[in-house]
Amino acid sequence: MLAVEFGLDTFGDVNGKPYAQVIRDVVEQGVLADRLGLDFFGVGEHHRDDYAISSPEIVLAAIAARTERIKLGTAVTVLSSDDPVRVFERFATLDAVSGGRAEIMLGRGSFTESFPLFGYDLADYERLFAEKLDLMSALLDEGPVTWEGSIRPPLRDQQVYPKTESGRIRTWIGVGGSPESVVRAAQYGLPLVLAIIGGAPARFAPYTDLYRRALKELEQQPQPIAVHCPGFVAATDQEAVDILWPHARRNLDRIGRERGWPPATRSRFEADVNEGAWHVGSPETVAQKIAATVKALDVDRFDLKYSHGPLPTEHLTTCITLYATEVIPRVRELLA
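Given the structure is predicted, the values throughout are model-derived calculations rather than measurements.

Enquirer: Would you mind going over the packing of aromatic side chains with me for this structure?
Expert: Pairs of aromatic rings are described using the distance from one ring centre to the other and the angle between the two planes. Counting across every chain of the model gives seven aromatic pairs. Ring centres of Trp245 and Phe269 lie 5.3 Å apart, and the angle between their planes is 35°; on these two criteria the pair is classed as tilted. Here Trp245 is found in helix H8 (residues 237–259), whereas its partner Phe269 is found in helix H9 (residues 266–275), with 24 residues between them in sequence. Judged on exposure class, the residue Trp245 and its partner Phe269 are both buried. On the numbers, 5.2 Å between centres and 70° between planes, the contact of Phe269 with Trp278 is edge-to-face. Trp278 sits in the buried class, given a relative accessible area of 9%.

Enquirer: Help me understand the layout of surface pockets, please; the structure alone is not making it clear to me.
Expert: To find leftover empty space, one rolls a probe the size of a water molecule over the atoms. By volume, the second largest pocket amounts to about 240 Å³. What lines the second largest pocket is a set of 16 residues, among which Ser54, Ser55, Pro56, Glu57 and Arg90 lie closest to the centre. When residues of the lining of the second largest pocket are traced back to their parent elements, those giving at least two are helix H2 (56–64) and helix H3 (84–98). Partitioning the lining of the second largest pocket into residue classes produces seven nonpolar, five polar and four charged.

Enquirer: How should I be thinking about the pairing of strand E8 (residues 170–175) in this particular structure?
Expert: Looking down a regular strand, the side chains alternate between one sheet face and the other. Most of E8 is tucked away: five of the six residues are buried. The sheet contact formed by strand E5 (residues 102–107) and E8 spans four bridges and is parallel. Bridge assignment links Ile104 to a residue of E8, and that residue is Thr171. Sheet topology note: the E8/strand E9 (residues 192–195) ladder contains three bridges and is parallel.

Enquirer: Any chance you could explain helix H11 (residues 313–335) here in plain terms?
Expert: Residues spaced three or four apart along an α-helix point in a common direction, a consequence of the helix completing one turn every 3.6 residues. The first and last C-alpha atoms of H11 sit 31 Å apart over 23 residues, in line with the 33 Å expected at 1.5 Å per residue. Within the span of H11, buried status applies to Thr313, Leu316, Cys319, Ile320, Leu322, Tyr323, Ala324, Val327, Ile328, Val331 and Leu335. Looking at the buried residues of H11, the elements they touch are strand E1 (5–10), helix H1 (19–35), strand E10 (225–233), helix H10 (283–297) and strand E12 (301–305).

Enquirer: Before we go on, may I ask you to explain the pattern of salt bridges in this structure?
Expert: When charged atoms on two side chains of opposite charge get close, those side chains can pair. One pass over the full model with this rule turns up 30 salt bridges. Measuring nitrogen to oxygen at the nearest pair gives 2.6 Å for the salt bridge that ties Arg254 to Asp49. With Arg254 in helix H8 and Asp49 in the loop between strand E2 (40–43) and H2, this pair connects stretches of sequence that are 205 residues apart. Accessibility expressed as a relative area gives 27% for Arg254, which makes it partly exposed. As a salt-bridge pair, Glu258 and Arg254 come within 3.4 Å of each other at their nearest N and O atoms. Taken together, the residues Glu258 and Arg254, both in helix H8 and four residues apart, mark about one turn of the helix. Here Glu258 falls in the partly exposed class, since its relative accessible area comes to 41%.

Cut-off values and rules
Residues numbered from 1 in each chain as written. Predicted model: local features only at pLDDT ≥ 70, side-chain atom pairs only at ≥ 80, totals over all residues. Heavy atoms only, no water. Phe/Tyr/Trp six-rings, centres within 6.5 Å; stacked < 30°, edge-to-face > 60°. Helix = DSSP H or I, 4+ residues; strand = E, 2+ residues; numbered from the N terminus. Buried < 20%, exposed > 50% of the residue type's maximum accessible area, 1.4 Å probe, protein only. 1 Å grid on protein atoms, 1.4 Å probe; cavity = no way out; pocket = protein on both sides within 12 Å on 5 of 7 lines; lining within 4 Å. Points joined across faces, edges and corners; volume = space filled by probe spheres on them. Nonpolar A, V, L, I, M, F, W, Y, C, P; charged D, E, K, R; others polar. Pairing = 2+ DSSP bridges. Expected span 1.5 Å × (residues − 1). Contact = heavy atoms within 4.5 Å. Salt bridge = Lys/Arg side-chain N within 4 Å of Asp/Glu carboxyl O.

Right, dumping it as structure tokens:
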């Protein structure tokens, strides 16, 4: 438990500022996270008007140039609508710029805007991810690649450059809680990230157990598990909920209208804060909940998704600072 790492994730949520300023703010937040000693900073990929970041690797490279130790990755790279060869090339370049700190988190993404944008048919949703993950797995070995599938021309003893100094980029698979996705991560021997965005974190324990069993049965080496959960830290519990609620409601209601969900209510939101996936409150409250999540799932890294809809930048900065300076030291005490 003492070896648990702690990270931050952001999608570059648009908060009333121009897209360019939101991106610059994310760079500053990544620099702050490094200065405060956090282990990981993750940036999501989206292609819609409520998130500013569509090219995470460029943002991460800007952060890499101003930081020294923090690991930098995506949350997630939407592999289904990307080219695995280009994904490898971009991250190998980021790995060079950052001195070996690049990480890839592969996933399907929580939205589908990238499919029509890049000319893909949603009817091919499953096949695209399965075949591209297979190719990506081959590329990660950094040797000559021979691969054939139905979604792109075959490769024959093809080398891809640049090679990394370590010989491999740490690459995770992000899943939302489907057993099939968990087993697929184990089949490729890749670390697992569970995106817990609804429900009590403890209910995901069967997935972490399944992953570890599958690794063993498939004769793969043990791999780390991380969790990604939404959260927000302020001075007190009441202040945290009061600040976050109107911004979270706006974000939840927009997504809800797209997906046919009922409007968000404060009572439902507070129930999620108290019993569900949201890690929100004072430093002590958030630390207690993170420690419970880490213990229940026996994970190796906890990533707090700290940006939520139009939440102002000054609150994000305060959240990051409290998370690093008060929450994490307290979590380490609780885990010890």
